[in-house]
Amino acid sequence: MNTFEIDPPTDHYDVLVIGGGPAGMMAAVVAADGGKKVRLLEKNSSLGNKLNISGGGRCNITNAEYDTRTLLAHYGKAANFLYSPFSQFDVSDTFAFFENRRLPLQVEARNRAFPVSQKASDVTAVLSRALKRARVDVVFDCGVTSLNRKDNRIASVSTTRGDFRAESYILATGGLSRPETGSTGAGFGWLRSLGHTVRQPSPGIVPLATKEKWVAQLGGKTVEGRVTFLLDGKRQFKTQGRILFTHFGISGPTILNSAARVGELLESGAVTAEIDLFPQLDEGSCDKELMALLELHKNKALKTVLKEWLPNGVWHVPKMLLPTLDTDMKVHSLRKEDRKKLVKLVKAIPLTISHLMGFDRAVVADGGVDLRDIDTKSMRSKLIDNLFVVGDLLDINRPSGGYSLQICWTTGYVAGRAVAAT
Ligand SMILES: Cc1cc2nc3c(=O)[nH]c(=O)nc-3n(C[C@H](O)[C@H](O)[C@H](O)COP(=O)(O)OP(=O)(O)OC[C@H]3O[C@@H](n4cnc5c(N)ncnc54)[C@H](O)[C@@H]3O)c2cc1C
């Protein structure tokens, strides 16, 4: 058996943690530091596979908003539930936890905190060392297949390596996004069969696929702009920030954070989007700006001016979307009506949203166990006395920016402390 094998194998453990992602590792460390004998079961042969790819491999470990009220406003309906857990372990505790274990953090734009080393694997390494130091028995290649219930308690778990039992069980098997990392959503099924209400997960923070294929030609290019989403032609909501073109559609922070709302719209009708590359200018001012530029470069080719005017390769868009426009023509030959068409286009580049990309590309999948089923002070199930639920298994919607991992640190800590107190 591939384990840290610190103690001779014994059957008696106080706590079994199921799942070696960030929430499970944190819970195991805290429970063991609190004096409990802890075993962690992980179906992969290594810990923290999803953690290792988080933040593009850099791990956006938390969001450095130290005012809990302000931070929790980002969690929508779950904010009320989270006040109590955050009173036990908040963002400054996350900083202290990692920095005290020799992982300095730095804060970047939009309060996003990363390890100074810029390596997500360093976060996993800190937690692995802490598990070892706390004498947690980690059992790898151990897929849990069922939670066996007796009355209102878990009596044991069955795994690919036989049955295990303990006094308390912490469930930390994660959600559904990026299943190749090990997070296949098994926990949702078990929780449902134990009588919990589980909201069906849908990909939460995902890129959007478009019908238009021209986006592929801009694949990898980012622009700043405003996107307006429309349902059956009627404006619904706007978002502003960086937009990344991909080979299948659009992505980037502002798009990812809009995906859940776009998903809802897609259930009601046809969703289109308009990208405004000059949100700070109205159409008239935008036209004036273009006219001034054209005046300056009267004898140059139109494409030279477009390249100066439109950022990061986006000058291809008029070329692609206004087929009658000859971008090789000299500026002085540009007709007024074509100039107007150009302005209209850059103020509202049209896209048709076909669907949300799936779990395979999701950063977070929403859904999970209804928070009304979970005790806010301990993460204990209200239905099963010795079961605690943490991390992505909880139904907590959150944007990208370190908010997901902060939930893992906080709920893992709270469950670990609660089992240590039993
Ligand atoms: C590409 C990507 C980038 C991300 N970047 C960020 C970021 O920068 N910042 C941020 O805050 N969030 C980020 N997230 C979200 C964040 O990674 C998750 O919220 C977090 O990993 C959830 O932790 P968890 O411990 O609940 O579950 P997971 O990390 O999913 O871990 C669950 C563990 O349980 C194991 N397991 C599952 N089933 C079983 C079973 N039957 N038996 C035994 N073990 C099992 C799995 O193998 C896995 O190791 C990102 C997510 C993705 C996909």
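None of the values given here were measured: they were computed from a predicted structure.

Definitions and limits used
- Residues numbered from 1 in each chain as written.
- Predicted model: local features only at pLDDT ≥ 70, side-chain atom pairs only at ≥ 80, totals over all residues.
- Heavy atoms only, no water.
- Pairing = 2+ DSSP bridges.
- Helix = DSSP H or I, 4+ residues; strand = E, 2+ residues; numbered from the N terminus.
- Axes fitted to C-alpha atoms, helices over the stretch in contact; angles between N-to-C directions.
- Contact = heavy atoms within 4.5 Å.
- UniProt positions renumbered as here; feature names shortened; annotations may be inferred.
- Salt bridge = Lys/Arg side-chain N within 4 Å of Asp/Glu carboxyl O.
- Buried < 20%, exposed > 50% of the residue type's maximum accessible area, 1.4 Å probe, protein only.
- Expected span 1.5 Å × (residues − 1).
- Core = buried A, V, L, I, M, F, W, Y, C linked by side-chain atoms within 4.5 Å.
- Near = heavy atom within 4 Å.
- Polar contact = N/O pair within 3.5 Å; in protein donor to acceptor, adjacent residues only side chain to side chain.
- Areas by Shrake-Rupley, 256 points an atom, 1.4 Å probe, with all protein chains shown as cover.

J.: I'd like a description of the sheet that holds strand E16 (residues 271-276), backed by residues and values.
T.: The sheet built from 6 strands closes into a barrel, its strands ordered E12-E15-E14-E13-E16-E17 with antiparallel pairing. Across this sheet, the average inter-strand angle for adjacent strands is 45°, counted without regard to direction. Two strands pair when backbone bridges link them, and strand E13 (residues 222-231) and strand E14 (residues 234-245) are joined in this way by 10 bridges, in the antiparallel orientation. For threonine 222, the partnering residue across the bridge sits in E14 and is leucine 244. Sheet strands in contact with helix H13 (residues 336-347) are E16 and strand E17 (349-356), and its direction is about 115° off that of E16.

J.: Tell me about the UniProt feature "domain: RsdA/BaiN/AoA(So)-like insert" (unreviewed entry) in the protein, residues and numbers included.
T.: Residues given the UniProt feature "domain: RsdA/BaiN/AoA(So)-like insert" (unreviewed entry) here are residues 203-364. With 32% helix and 26% strand, residues 203-364 has end C-alpha atoms that lie 7 Å from one another.

J.: Can you tell me about the pattern of salt bridges, naming the residues and giving the values?
T.: Applying the stated rule across the entire model yields 17 salt bridges. Between aspartate 276 and lysine 347 there is a salt bridge whose closest N-O contact spans 2.8 Å. Of this pair, aspartate 276 sits in strand E16 while lysine 347 sits in helix H13, and the two are 71 residues apart along the sequence. This pair shows no difference in class: aspartate 276 is buried, exactly as lysine 347 is. Across the pair aspartate 287 and arginine 339 runs a salt bridge, and its minimum N-O distance is 2.7 Å. Pair noted here: aspartate 287 is in helix H10 (residues 283-296) and arginine 339 is in helix H13, with a separation of 52 residues, a long-range link. With respect to class, aspartate 287 is no different from arginine 339; both count as buried. By sharing partners, the salt bridges in this structure join Arg335, Glu337, Asp338 and Lys341 into a single network.

J.: Residues and numbers for the sheet that holds strand E8 (residues 153-159), please.
T.: Read from one edge to the other, the open sheet built from 3 strands follows the order E7-E8-E9, with strand pairing classed as antiparallel. Every other strand in the sheet has two partners, leaving strand E7 (144-150) and strand E9 (162-164) as the edge strands with one partner each. The mean angle between the axes of side-by-side strands here comes to 25°, regardless of whether they run parallel or antiparallel.

J.: A description of helix H1 (residues 22-33) should follow, citing residues and the corresponding values.
T.: Helix length check: H1 (12 residues) gives 16 Å between terminal C-alpha atoms against 16 Å at 1.5 Å per residue, within 8%. Across the 12 residues of H1, 11 count as buried, placing the element largely inside the fold. If you check which residues of H1 are buried, you get Pro22, Ala23, Gly24, Met25, Met26, Ala27, Ala28, Val29, Val30, Ala31 and Ala32.

J.: Describe the nonpolar core, naming the residues involved and giving the relevant values.
T.: Tyr75, Phe98, Leu147, Val157 and Trp409 are the most contacted members of the largest nonpolar core, which has 89 residues in total. The greatest single-element share of this core, amounting to 10 residues, is contributed by helix H14 (residues 403-420). If we ignore the near neighbours within four places in the chain, the residues touching leucine 147 are Ile18, Ile154, Ser156, Val157, Leu171, Trp190, Leu194 and Leu387. Grouped together as the second largest cluster of nonpolar side chains are 49 residues, Val223, Phe237, Leu302 and Val343 included.

J.: Break down the site of the ligand for me, with residues and values.
T.: Taken together, 35 residues are adjacent to the ligand, and Glu42, Ser183, Val363, Asp392 and Leu405 come closest. The contact in question runs from an oxygen atom of the ligand to an N or O atom on the side chain of serine 183, over 2.5 Å. Contact between the ligand and aspartate 392: an oxygen atom at 2.8 Å from a side-chain N or O atom of the residue. Protein chains shield 95% of the accessible area of the ligand, which is 1000 Å² for the free molecule.

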